[in-house]
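Reading the structure
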Amino acid sequence: MSLSRALSSSPRTMRGFSLVELLVAVAIGLVVTLAVFGVLAASEGRKRTSVSINDANQSGAYAAYTIDRMIRSAGSGFSEGWGRVGGCRLNATLGAAGTWPRAAALPAPFTAIPLTLRLAPVVIFQGASTAGSDVLMVMNGAAGFAESPAAVRPGSVSALEFRAPNTIGFFANDLVMLAGGGECQLTQVMMTSRHASPIRPPCSHR
């Protein structure tokens, strides 16, 4: 084989892609890639929507369960003494500080809630939130010994203590409610003794 014949035949065996062919291949690859990413994005969007719907359903179910449980327990702890405490004006103290009625409005979104409350199992404040929605207030208590009301000895209420027929079921740091004359005083037992159950702050109601 001569040298001229070898040189003339080598370009035929070493052909490649032209610039136009490369551009077409790149364009096709980009179209396929965009299509794949579009499908993946749509699938991810549907997945997120489904997860959001499931989360909303679970949150709604839990909220409904919580509200149902709270309403079912409304009035517990003072239902046996409802004839004495029902509708009384609520006053509350913890230690030496008064906590209710408040000196200032409640923080948002409950700024429209009245500062003076009356004891009731369920109270609905229409349009009382800052967003204009109703506010549901549920009142209940957990009786430490029993829900049966205990009498206070006449004339035993002083600035620092009151006397009950017995102190069974009363312990230090318990919360108790004293009621009489349309007033309710929710306060904390500081200490108990055999003959008296000193409670602060003072309360003048039987």
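Just so it is clear, the model here is predicted, and its values are computed rather than measured. (Residues numbered from 1 in each chain as written. Predicted model: local features only at pLDDT ≥ 70, side-chain atom pairs only at ≥ 80, totals over all residues. Heavy atoms only, no water.)

Helix and strand counts for the protein stand at three helices and seven strands. Seen in sequence order, the protein has helices and strands lined up from the N terminus as α-α-α-β-β-β-β-β-β-β. Within the protein, counting contacts between residues at least 6 apart in sequence, those at least 24 apart form 51% of the total. Counting only carbon and sulfur atoms, one obtains 61% of the accessible surface of the protein, whose full area is about 14400 Å². (Helix = DSSP H or I, 4+ residues; strand = E, 2+ residues; numbered from the N terminus. Contact = heavy atoms within 4.5 Å. Areas by Shrake-Rupley, 256 points an atom, 1.4 Å probe, with all protein chains shown as cover.)

It is worth spelling out the confidence of the model for the protein at this point. Taken residue by residue, the protein gives an average pLDDT of 77. The fraction at 70 or more is 76%. Counting interchain partners and residues more than four positions distant, the pLDDT-below-50 stretch residues 1-9 has one contact. Ignoring residues within four places in sequence, the model shows residues 195-206, a span with pLDDT below 50, making 50 contacts including any to other chains. (pLDDT = per-residue confidence, 0-100.)

Next up on the list: the pattern of salt bridges. This model, assessed by the stated rule, comprises three salt bridges. Across the salt bridge formed by Glu 44 and Arg 48, the nearest N and O atoms sit 3.5 Å from each other. Of this pair, Glu 44 and Arg 48 both sit in helix α2 (residues 19-72), four residues apart, which is roughly one turn of that helix. Under the relative-accessibility criterion, Glu 44 is labelled partly exposed at 35%. (Salt bridge = Lys/Arg side-chain N within 4 Å of Asp/Glu carboxyl O. Buried < 20%, exposed > 50% of the residue type's maximum accessible area, 1.4 Å probe, protein only.)

Turning our attention to the pairing of strand β5 (residues 175-180). Here six bridges tie β5 to strand β6 (residues 183-189), and the two strands are oriented antiparallel to one another. Across the sheet, the residue bridging to Val 176 is Thr 187, located in β6. Connecting β5 to the next strand, β6, in antiparallel fashion are two residues, including Gly 181 with a positive phi near 65°. (Pairing = 2+ DSSP bridges.)

Under the defined criterion, the tally for this structure stands at one disulfide. Sulfur-sulfur distance for the disulfide between Cys 88 and Cys 184 comes to 1.5 Å. In this structure the cystine formed by Cys 88 and Cys 184 twists about its S-S bond by roughly -100°; its chirality is therefore left-handed. With a gap of 96 residues between them, Cys 88 in the loop between α3 (82-85) and β1 (89-94) and Cys 184 in strand β6 connect regions that are remote in the sequence. Accessibility classification places Cys 88 together with Cys 184 in one group, the buried group. (Disulfide = S-S within 2.5 Å.)

So, on to the environment of Glu 183. Turning to its location among the elements, Glu 183 is positioned in strand β6. One polar contact links Glu 183 to Arg 89, side chain to side chain, over a distance of 2.7 Å. Side chain to side chain, Glu 183 and Asn 91 meet in a polar contact 2.9 Å long. (Polar contact = N/O pair within 3.5 Å; in protein donor to acceptor, adjacent residues only side chain to side chain.)

Attention now moves to the nonpolar core. Core analysis: the biggest nonpolar cluster contains 18 residues, and Val 85, Ile 113, Leu 119, Phe 125 and Cys 184 have the highest contact counts within it. Going through the elements one at a time, β1 and β3 (122-125) are the ones with two or more residues in this core. Contact partners of Val 85, with chain neighbours within four places excluded, come to Phe 78, Leu 119, Met 177, Ala 179 and Cys 184. (Core = buried A, V, L, I, M, F, W, Y, C linked by side-chain atoms within 4.5 Å.)

All right, on to unusual backbone geometry then. Negative phi characterises most residues that are not glycine, and trans characterises most peptide bonds. Residue Ala 108 is joined to Pro 109 through a cis peptide bond whose omega torsion reads 10°. Looking at the element boundaries, Pro 109 is found in the loop between β2 (97-100) and β3.

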